[in-house]
Amino acid sequence: MAINDYEADATELLETYDFLMKYIVIGEAGTGKSCLLHHFTHNSFKDHSQHTIGVEFSSRTVKLGEKRIKLQLWDTAGQERFRSVTRSYYRGAAGAILVYDITNRDSFTNLGRWLADARTLASPNLVVVLVGNKSDREDDREVEWAEASRWAAENDVHFLEASSLTGENVEAPFLMAARAILLAIESGTLDPEKAGSGVSYGDRALRRVNSSSRLSFGSLSGSARRRGGAVKLKVKSWIPGSKCC
Amino acid sequence: MASLSPRTPSSIARTNSSQSERKASWTAQSRNPVSQRLSKVLGTNFDSEDTRQALRTLSELYATTSKGKEVQAPTSGPTQPMVLTETVPGELAARARKNLRRDMELQLAEGSRKFLQALGEVDTKLGALQTHVAAMRTSCDEAETQLALTNESSKLLLERAGNLRDERQEVEDKKTIITLFLARFTLTELELQALTSRDVPIGQRFFDAMDKTERIREDCRVLMAGEDGSTKAGLEIMASTSTHLEDGYEKILRYCSNEFRKVGRDSQLEVSPVMKQTIQRLRKRPELLTEALSALSETRQATLLSSFIAALTRGGPSGYPRPIELHAHDPMRYVGDMLAWVHQTIAAEREFLESLFGIKSDGRMVGSVRNFSSKAEEEEWIRELMDLAVGKLCVPLKAGFSVRVQQTVRSQESNIVSYKIANLLQFYLMTMRRTIGEDALLSTTLKEITDVAYKVFYDSIEAQSQTLSRIRFDLDDPSLTPPNAILDHSQILREVMQVYQSSLLGTEDEDEINAGFNQVLDIMVDPAVQMCIANSEEKMKARPRWDGQVFILNCLCYLQSVLSTFEFTTQKRAEIQKTIDQRIALLTTEHSDNVLRDAGLWEVAETCKHHETDEPLSRLPSTQPADLQRALQRFSMWLSGLDVVHSPRLSHLTVQKMHTQIHQDALVRLAKEYKMICEEVKKPANRYEAAATLLGSERPFGQVHLLWQIFGLEDKEEEEESSDEGEDEDEDEEEDTEEEGEGEGDSEESEGESEES
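In this text, all values refer to a predicted model and were calculated from it rather than measured experimentally. (Residues numbered from 1 in each chain as written. Chains lettered and ligands numbered in written order. Predicted model: local features only at pLDDT ≥ 70, side-chain atom pairs only at ≥ 80, totals over all residues. Heavy atoms only, no water.)

Caption draft 1: Geometry of the overall build of chain A. In terms of helices and strands, chain A carries 9 helices and 7 strands. Residue burial in chain A is summarised as follows: out of 245 residues, 60% are buried. When contacts within chain A are restricted to residue pairs at least 6 apart in sequence, those whose partners lie at least 24 apart make up 77%. Of the roughly 9900 Å² of accessible surface on chain A, 47% is carried by carbon and sulfur atoms. (Helix = DSSP H or I, 4+ residues; strand = E, 2+ residues; numbered from the N terminus. Buried < 20%, exposed > 50% of the residue type's maximum accessible area, 1.4 Å probe, protein only. Contact = heavy atoms within 4.5 Å. Areas by Shrake-Rupley, 256 points an atom, 1.4 Å probe, with all protein chains shown as cover.)

Okay, structure coming up:
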């Protein structure tokens, strides 16, 4: 039910927004980054997906609590030969969706390299969500959930498994990252006013700032926590003790 | 008197009734007139009121018969003067009895005279009255005439009043109509204000007023299109509404320009619904829209330029992400970061413009192919605005490239780096072309930069190749393997090829792939080939013992093997193969001559081939039986040596297969020469005595098929075709690498040649 709530909120496409966040989607070739993103933006599975060439862009507005957040999503090519191109897009990203394929162990073992790249090249407050994609192919599984979860906890990233075929958990990683970023803004570690932080205020938020002297996320924190808890029950994949929620 | 007459019948009736009563008793008496009279008189009743009244009047006339009253009566009535004369009581009664008639008549006369007098007065009065009445009548007539006249004249008035009333009604109706008309065809004060006043902000009220104005014009146009044609009112309405409408558009324009200047300075843009609607409306006034958009464009250009420069030089907040310039020493990263920044900016800009023009995003991703052929004008505007907005970025981009990158690349003189940059630029050029169009300034600038980068690269590899041509071989180096210069050069070539391989997107067809690299191959491979050949030929002249042919083949094969790992080098490999084939042919001839010489049959064979028919061979110097015998002996010796299966010279060839093939070709030729010698010797015209004995004295005893066996070859003459096929198959199986295979194919050709010869 909580998931349904999410989707109902998330599919609402809105013109105005409170925040604009830049995300990058990274990971080895063939892990389903483009498909995940396609499902997120189009709500359908992308058949016959080709390798991404360089970098592709898409965007979507989501609703989190009372906040509307516009996500600018940069889908990168996983192939090694595009690394020199894609690395330039890490610059100033606020969130990174790090994708591996649960049926391909190599895509998991290489995660360290991807994470290191992202941490060095993106903004220092980069929020990373690890996504084990293709969770529908349980029979071919090569990476256990527990192992990935441990890795995520060690590296201080959020983690869940998703399927861009069935659409399971496709929106959750994006919303998790958004929530973590909002909390960072609330706690003051991230300032959307500054260029290059990967986040900026939208028109709505600005209006609110102008009308009241202080920007408060009180309502957000409450509802986010509640929502977070609900998702946790359903998804079973939240890392206990992680920073977000 | 008058009063008596009616009483008479009644009294008579009474009398009659009493008479009838008395009749019964007095029948006789009643016939007497006197008695009748008497009874009548007696029967008269004076008790009646009339009588009493008459008496009373009478008594009043003779007032003295009574006491006081009668005295008073004459005094009170001046009409009774004779009463005064009365002095004796009772006298009056007597007198009255006497004079009653006279008195009565007097009285009557008196009364009549009075009457007359009174009536005379009345008559006079009446006469006066009549005069008055006549006068009145005249007046009345006058009045009536006057009235008639008035009536006449008031009728006109009434009529007019009626008309006026009608007119008024008409006017009222008109007024209602006009009010309605005005309500429908003119703007209210408020609406006008909304349209024209600067105090009313652009909003729903303004848009409603605009809509109304538009509607009025529309209605008006419909009306004027009717049969009556255009009316003055219609024209006026059109004129005034057009003014208002223009005012409205002016206001929108002012708003937009202002708003654009304001919001255009933000790095991230958002479009308010009002803004979107204003743009929607301005589309009906393209010239105004153009003006507004050019304001937007100006602001965006300036904004993007300053944010780009900030990203280049200042970086993000507190230095994160670091300024792009910080990595200027790493040209790949520098160029990549700059272009990625531009690319991301384009995406945001595109989103902004799409929402500004209300285009629902087509779900297409940036970088994927955009269809520019669609003639939608929004698309055209977006393309133009994008072009302008990012066009300004070309200046720092170009400067950054030419100052930083070119310097770096030149200073490092690294072909690989410059090639990588050129490829990276090429990648972005393709991406940008698909995103903002082929003709966009950024695309053309990128094209320029890319061309420059390629030029730098080509220049550098050309320089590299030129250094190659300046190299002179060490004359005292006996080795036949490719020299270091070639190895180094090949290493660079290999890396360049790897870069090219990785720059391919996988969408190009074979021709495109080949075309993209041919120039590099021409620049890098051809000079290497030429250098090898030219240098070896020079060295061969200086050092005849140095085996230049083998060296050249080794170099060529090495170059080919370097190319062979990449498919896009097929064409160049074929070119090299051609050279190799020529070289193999040369070497094969040379080698088979040498083999023939070593085997001792050279002179014999030469003589056999060139002798004139009139002179028998046995008479010629080199083929006299003794000489022939010696040659055959030497051949026999040679056959038992190692050289039959293995040539020390060819063993220096790095490609073993080539060695085998060339040597075999030489052996085939040898066998053929031997056969030819045998045939010649056996010919009677050559006059050899005991030719069979001569040939049979030494191995292979004149038997050619034996020679084939010794060489380990099939008899080419007899089983040429089948054996060829068999060999082919065997060779194919043995083939490990392509160039060997191709080498093989060519050695077959050389076989053919040797057979022909």
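Resuming the write-up.
Caption draft 2: Focus on the overall build of chain B. Check the secondary structure of chain B and you find 27 helices and 0 strands. Buried positions account for 43% of the 757 residues belonging to chain B. Of all intrachain contacts in chain B linking residues separated by at least 6 positions in sequence, the fraction that spans at least 24 positions is 73%. Per element, the accessible surface of chain B, about 42000 Å² overall, is 55% carbon and sulfur.

Caption draft 3: The pattern of salt bridges, seen in detail. Residues and elements named next belong to chain B. On inspection of all chains with the given rule, the structure shows 37 salt bridges over all chains. With its nearest N and O atoms 3.2 Å apart, the salt bridge here joins E218 to R221. Of this pair, E218 and R221 are both found in helix α8 (residues 204-224), 3 residues apart, which corresponds to roughly one turn of the helix. The exposure class of E218 is partly exposed, given its relative accessible area of 41%. For R221, a relative accessible area of 38% gives the class partly exposed. (Salt bridge = Lys/Arg side-chain N within 4 Å of Asp/Glu carboxyl O.)

Caption draft 4: Quick peek at unusual backbone geometry. Residues and elements named next belong to chain A. Even without glycine at this site, N43 takes up a positive phi of about 60°. Note that N43 resides in the loop between α2 (33-42) and β2 (55-64). Even without glycine at this site, H48 takes up a positive phi of about 50°. Looking at the secondary structure, you find H48 in the loop between α2 and β2.

Caption draft 5: Structural view of the packing of helix α21 (residues 602-610) of chain B against helix α23 (residues 656-682) of chain B. Residues and elements named next belong to chain B. α23 packs onto α21 with a crossing angle of 60° between their chain directions and a minimal axis gap of 10 Å. With respect to α23, the element α21 is oriented oblique. Between α21 and α23 lies a crossing whose hand is left-handed. Mapping the contact onto sequence places W602, V604, A605, C608 and K609 in α21 and R669, E673, M676, I677 and E680 in α23. Class assignment for the residues of the contact of α21 with α23 results in 6 nonpolar, no polar and 4 charged. (Axes fitted to C-alpha atoms, helices over the stretch in contact; angles between N-to-C directions. Parallel < 35°, antiparallel > 145°, perpendicular 65-115°, else oblique. Left-handed = near helix turned anticlockwise from the far one by under 90°. Nonpolar A, V, L, I, M, F, W, Y, C, P; charged D, E, K, R; others polar.)

Caption draft 6: Examining the state of the cysteines more closely. All told, the structure shown has 0 disulfides over all chains when counted by the stated rule. Just so you know, C555 of chain B is unpaired, no disulfide at all, and the nearest cysteine sulfur is the one on C532 of chain B, 3.7 Å from it. (Disulfide = S-S within 2.5 Å.)

Caption draft 7: Structural context of the pairing of strand β3 (residues 67-76) of chain A. All names here are of chain A. In terms of residue burial, β3 counts as a mostly covered element, since 10 of its 10 residues are buried. Here β3 shows a buried face lined by K67, I69, L71, L73 and D75 and a second buried face lined by R68, K70, Q72, W74 and T76. As judged from the 7 bridges shared by strand β1 (residues 19-26) and β3, these two strands associate in the parallel manner. Within the sheet, the bridge partner assigned to K22 lies in β3 and is Q72. Bridge count for β2 against β3 is 10 bridges, and the pairing is antiparallel. Opposite T61, over in β3, you have K70 as the bridge partner. (Pairing = 2+ DSSP bridges.)

Caption draft 8: Representation of the packing of aromatic side chains within the structure. All told, the structure shown has 25 aromatic pairs over all chains when counted by the stated rule. On the basis of an interplanar angle of 65° and a centroid distance of 6.5 Å, the ring pair of Y419 of chain B and Y454 of chain B is categorised as edge-to-face. Remark: Y454 of chain B occurs in helix α16 (residues 441-470) and Y419 of chain B occurs in helix α15 (residues 415-436); sequence separation between them is 35 residues. Residue classification places Y419 of chain B among the buried positions, given a relative accessible area of 1%. For Y454 of chain B, a relative accessible area of 16% corresponds to the buried category. Where Y500 of chain B meets F568 of chain B, the ring centres are 4.8 Å apart and the plane angle is 80°; that geometry is what we call edge-to-face. Within this pair, whereas Y500 of chain B is found in helix α17 (residues 484-503), its partner F568 of chain B is found in the loop between α19 (548-564) and α20 (570-598), the two being separated by 68 residues in sequence. Through a chain of ring-to-ring contacts, three or more aromatic side chains come together here, namely Y419, Y454, F457, Y458, Y500, F517, F566 and F568 of chain B. Taking the ring centre of F40 of chain A as reference, the NZ or CZ of R60 of chain A above it sits at 4.5 Å. Here the guanidinium or amino end of R83 of chain A rests over the ring plane of W114 of chain A, the centre of that ring lying 3.8 Å away. (Phe/Tyr/Trp six-rings, centres within 6.5 Å; stacked < 30°, edge-to-face > 60°. Lys NZ or Arg CZ within 6 Å of the ring centre and 35° of its normal.)

Caption draft 9: Spatial organisation of the side chain of K572 of chain B. Residues and elements named next belong to chain B. Tracing the chain through its elements places K572 in helix α20. At 2.9 Å, the side chain of K572 forms a polar contact with the side chain of E575. Setting aside residues up to four positions removed in sequence, K572 forms contacts with L521, D522, V525, D526 and L563. (Polar contact = N/O pair within 3.5 Å; in protein donor to acceptor, adjacent residues only side chain to side chain.)

Caption draft 10: Fine view of helix α6 (residues 145-154) of chain A. Residues and elements named next belong to chain A. Taken as a whole, α6 has its buried residues at A148, S149, W151 and A152. The buried residues of α6 occupy an angular sector of 160° when the element is viewed end-on, so they sit on one face. Those residues of α6 that are exposed and aimed more than 90 degrees away from the buried face are R150 and E154. Tucked into the core, α6 has its buried residues touching β4 (95-101), α4 (105-109), α5 (111-121), β5 (127-133) and β6 (158-161). (Arc of directions from axis to C-beta.)

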